[in-house]
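# Commentary on secondary and tertiary structure
In case you want the letters, here they are:
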Amino acid sequence: MSQTGPLTDSGLVQLLTPAGVRVEHPDYSPRIAHLDADALRGMYRDMVLVRRFDNEATALQRQGELGLWAQSLGQEAAQIGSGRALAPQDYVFPSYREHGVAHTRGVDLADLLRLFRGIDHGGWNPADHNFHLYTLVIASHTLHATGYAMGVQRDGLVGTGDPERDMAVVAYFGDGATSQGDLNEALVFSAVNNAGLVLFCQNNQWAISESTTHQSRAPLADRGPGFGVPSVRVDGNDVLACYAVTAEALERARSGGGPTLIEAFTYRMGAHTTSDDPSRYRSSAEEEYWRQRDPIDRLRALLVAEGELPAEFEAGLDADSDALGERIRAAVHAMGRPSTSSMFVHVYAGPNAIVDAERAWFQEYEASFLGGGEGAHR
Amino acid sequence: MSTTTGTQRITLAKAINLGLRRALESDPKVLLMGEDIGALGGVFRVTDGLYKDFGADRVVDTPLAESGIVGTAIGLALRGYRSVCEIQFDGFIYPAFDQITTQLSRMHYRSQGRLSLPVVIRVPYGGGIGAIEHHSESPEVLFAHTAGLRVVSPSTPADAYVMIQQAVASPDPVLFFEPKGRYWDKGDVDLDAPLVDASTGETGLDRAVVVRPGTDLTLVGYGPTVGTCLKVADAAAAEGTSIEVVDLRTLSPLDAATVAESVRRTGRCVVVHEAPVLYGTGAEVAARITEECFYHLQAPVLRVGGFHVPYPVSKLEHEYLPSLDRILDAVDRSLAY
């Protein structure tokens, strides 16, 4: 597809062709030189497991177990590549499709489904993983990430030179979010404060039904320089390139070099969510074009060509995938309905007479039906 | 920069300034953020001198982007900082409305109490200063209608000094509406006033107070209208009517109990605010008072406030704002029932 404007695939950093052949890059090849076969198999395994999880969640939605699901299908390289470049002390602000990044941060994937099942607005403790809750308003969290990075600066955790201490903040967002004022304000605030921030855009080509041409007439990465923010375009289906450009941006952030904008050029192979129908607005030829660039197939081809994908490994991974699917299904089925009164909890951190009074009234109201038979008031 | 102590007669603006100074001194995590709050000291000089004494890292001149101010304050709060954001004028808070209502108000709820956002948003609000458009508005109920936020407004220098410090110390986000038309009103301020009542352990930040006792009618105001209500009470007293004045101080949570206690004694209630009457604080107070004091009421609860029009040009604002005469008219109508 030879395209112009935001759809062009020129200028992408690529270390692995769609056929799985390595490409040398003077700046970025050194950043993956230490990734041995074990590390590559690890990334392959991550991507396979996350895709299995994603497919399982889609099935659970179709079975009525989830109210909605936002698939990450096709974006595994962008998420695993960037996620595996993170250090434990780095802090991530995801959007709502970063299931792969969540996996790299050690979040139990089942916990991601609490939100989509409608029993929780969050689902995990961000402090346990340095992985913030999903944010559904598409660019709001890019400002939170900026502020968090400003706090990290004030805490003296940037530019100390200690790799165990220096810390970066990463915000993930999509092509649609680049049109939001908040992202542009995040670029302004992070630039003038020299905040240690990586703004990681997964340009998956589609914001529900609007192609990137509805958001921009230039490649999205071109926006960075106008804010004084270095930018890079990367093949988002190339896990090695995504790892390399993220590692570079993280290093800049941790060392006090300020923010970076990364545009990972990828493709949303699935629907926006399970409520969407992409057949109404995009061609199967386009989907087929991207299917030929699948991130998992690409790394698999490399591992096979290098003789680093033994049959035992693949068999073990198959079994682990099946076990993960089973565990996810069981976990979702076991998720109970929250108590009615829990709706009144945690509205405020301190006491609040209005909420307390409404809660007390509602509990009394519910109790008044106890003698009235099953479901008397419903 | 030693802390001033004792009782001083100072303006409301100076009281907030000294309250912020004390907050900055007592907690190194407290930051001030806003437009022109640094070297200039804010367009109303509320942060005067703080930049010089606490430096650019703690008194932060931000880019001119209100959503960015509140959004980054949220991020700083997640990192353990307590930001006090200044929105330069009431009418400029709307770009931050999304961050305030979809993020700031809900992070504690969304996270099941794991995350708290102790952010204060200071908003100079209200009219009467002859300003151009967007500089005289009263958008407080937009925030009072949003669960998860606290919304308060002081009416005196003494309250402003204490309440701003209590707001900074609050674990919940606080919209702190400052009656800009009263910035230069002076009052006695006890600079050693405690932030927490030693006997109850409470701040009182969620309480209304009776600021003038009376027997014939309860007049309810907050922020800029409390002073007007007190003048109304003086004028009515000259005609033999005893008016009790309640300063709400907080709109969220609303302390309807203090108003109800008063109305049970007086039987009549008039609510006064600059914000439009339609769907306003007066409507909420009237509904609650009607529910709680129905058999004590001698008259319907009446409201005096702005009209259902955009804030008018300044040459007409004195007709738009609840004036002494319009409040007295409502008092007379209530007494006539």
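Since the model is a prediction, treat every value here as computed from it, not as a measurement.

Let's shift gears to the sheet that holds strand 14 (residues 302–306) of chain B. Residues and elements named next belong to chain B. Pairing in this open sheet of 5 strands is mixed, and the strands run 9-11-10-13-14 from one edge to the other. Sheet topology places strand 9 (209–212) and strand 14 at the edges, where each strand pairs with a single neighbour. Here the average twist between neighbouring strands, direction ignored, is 25°. Alignment of strand 13 (residues 269–276) against strand 14, held across 4 bridges, turns out to be parallel. Bridge assignment links valine 270 to a residue of strand 14, and that residue is leucine 302.

Moving on: the pairing of strand 2 (residues 169–174) of chain A. All names here are of chain A. Most of strand 2 is tucked away: 5 of the 6 residues are buried. Bridge count for strand 1 (residues 91–93) against strand 2 is 3 bridges, and the pairing is parallel. Pairing of valine 92 across the sheet is with valine 170, part of strand 2. With 6 bridges joining them, strand 2 and strand 3 (residues 197–203) adopt parallel strand pairing. Pairing of valine 169 across the sheet is with leucine 197, part of strand 3. Running through helix 7 (residues 181–193), the crossover from strand 2 to the neighbouring parallel element strand 3 is right-handed.

Turning our eyes to something else, we now look at the domain arrangement of chain A. For chain A, the assigned domains are domain 1 (5–334) and domain 2 (340–372). A separation of 40 Å is found between the C-alpha centroids of domain 1 of chain A and domain 2 of chain A.

Next up on the list: the packing of aromatic side chains. Applying the stated criterion across every chain yields a total of 28 aromatic pairs over all chains. Where Trp361(A) meets Phe362(A), the ring centres are 6.5 Å apart and the plane angle is 45°; that geometry is what we call tilted. Given a relative accessible area of 53%, Trp361(A) falls into the exposed group. Aromatic pair Phe362(A) and Tyr365(A): ring centres 5.9 Å apart, planes at 35°, arrangement tilted. Of the two residues, Phe362(A) and Tyr365(A) both sit in helix 13 (residues 353–367), 3 residues apart, roughly one turn of that helix. Over the ring of Phe313(A) we find Arg41(A); its NZ or CZ atom is 6.0 Å from the centre of that ring. Its guanidinium or amino end placed over the ring of Tyr81(B), Lys29(B) lies 4.3 Å from that ring's centre, counting from NZ or CZ.

Time to look at the packing of helix 9 (residues 256–266) of chain B against helix 10 (residues 281–293) of chain B. All names here are of chain B. As a packed pair, helix 9 and helix 10 sit with axes 10 Å apart at the nearest point and diverge in direction by 55°. Between helix 9 and helix 10, the crossing angle belongs to the class labelled oblique. When the axes of helix 9 and helix 10 are compared, the crossing they make is right-handed. Along its contact with helix 9, which presents Ala256, Val259, Ala260, Val263 and Arg264, the element helix 10 presents Val285, Arg288, Ile289, Glu292 and Cys293. Split by residue class, the contact of helix 9 with helix 10 holds 7 nonpolar, no polar and 3 charged.

Right, let's talk about the sheet that holds strand 7 (residues 260–265) of chain A for a bit. All names here are of chain A. The strand order across the open sheet formed by 5 strands is 1-2-3-7-6, and the pairing between neighbours is parallel. The sheet is open, and its two edges are formed by strand 1 and strand 6 (231–235), each paired on a single side. Neighbour to neighbour, the strand axes of the sheet diverge by 20° on average, direction disregarded. Two elements, strand 6 and strand 7, share 5 bridges in a ladder whose sense is parallel. Pairing of valine 232 across the sheet is with isoleucine 262, part of strand 7.

We now examine the nonpolar core. All names here are of chain B. Ile100, Leu104, Ile121, Leu175, Leu248, Val259 and Ile289 are the most contacted members of the largest nonpolar core, which totals 72 residues. Ranked by the residues each element gives to this core, the list is headed by helix 3 (residues 66–78), at 7 residues. In contact with isoleucine 289, not counting residues within four places along its chain, are Ala256, Val259, Ala260, Val263, Phe294, Leu297 and Val301.

Residues and elements named next belong to chain A. You can see threonine 266 is positioned in the loop between strand 7 and helix 10 (284–291). Owing to a relative accessible area of 0%, threonine 266 belongs among the buried residues under this scheme. Those residues in contact with threonine 266, other than ones at most four positions away along the chain, are Gly74, Gln75, Gln202, Asn203, Asn204, Gln205, Gly236, Asn237 and Trp290.

All names here are of chain B. The buried fraction of strand 5 (residues 120–125) amounts to 6 of the 6 residues, a majority that puts the element mostly inside the structure. Residues Val120, Arg122 and Pro124 line one face of strand 5 and the alternating positions Ile121, Val123 and Tyr125 line the opposite face, and both faces are buried. Here strand 4 (residues 82–86) runs beside strand 5; their pairing, made up of 3 bridges, is parallel. Paired with cysteine 85 across the bridge in strand 5 is isoleucine 121. Taken together, the 6 bridges between strand 5 and strand 7 (residues 174–179) define a ladder with parallel strand orientation. Along strand 7, the bridge assignment pairs tyrosine 125 with proline 179.

Definitions and cut-offs
- Residues numbered from 1 in each chain as written.
- Chains lettered and ligands numbered in written order.
- Predicted model: local features only at pLDDT ≥ 70, side-chain atom pairs only at ≥ 80, totals over all residues.
- Heavy atoms only, no water.
- Pairing = 2+ DSSP bridges.
- Helix = DSSP H or I, 4+ residues; strand = E, 2+ residues; numbered from the N terminus.
- Axes fitted to C-alpha atoms, helices over the stretch in contact; angles between N-to-C directions.
- Buried < 20%, exposed > 50% of the residue type's maximum accessible area, 1.4 Å probe, protein only.
- Right-handed = clockwise from strand over helix to strand, strands pointing away.
- Domains from an automatic or database assignment.
- Phe/Tyr/Trp six-rings, centres within 6.5 Å; stacked < 30°, edge-to-face > 60°.
- Lys NZ or Arg CZ within 6 Å of the ring centre and 35° of its normal.
- Parallel < 35°, antiparallel > 145°, perpendicular 65-115°, else oblique.
- Left-handed = near helix turned anticlockwise from the far one by under 90°.
- Contact = heavy atoms within 4.5 Å.
- Nonpolar A, V, L, I, M, F, W, Y, C, P; charged D, E, K, R; others polar.
- Core = buried A, V, L, I, M, F, W, Y, C linked by side-chain atoms within 4.5 Å.

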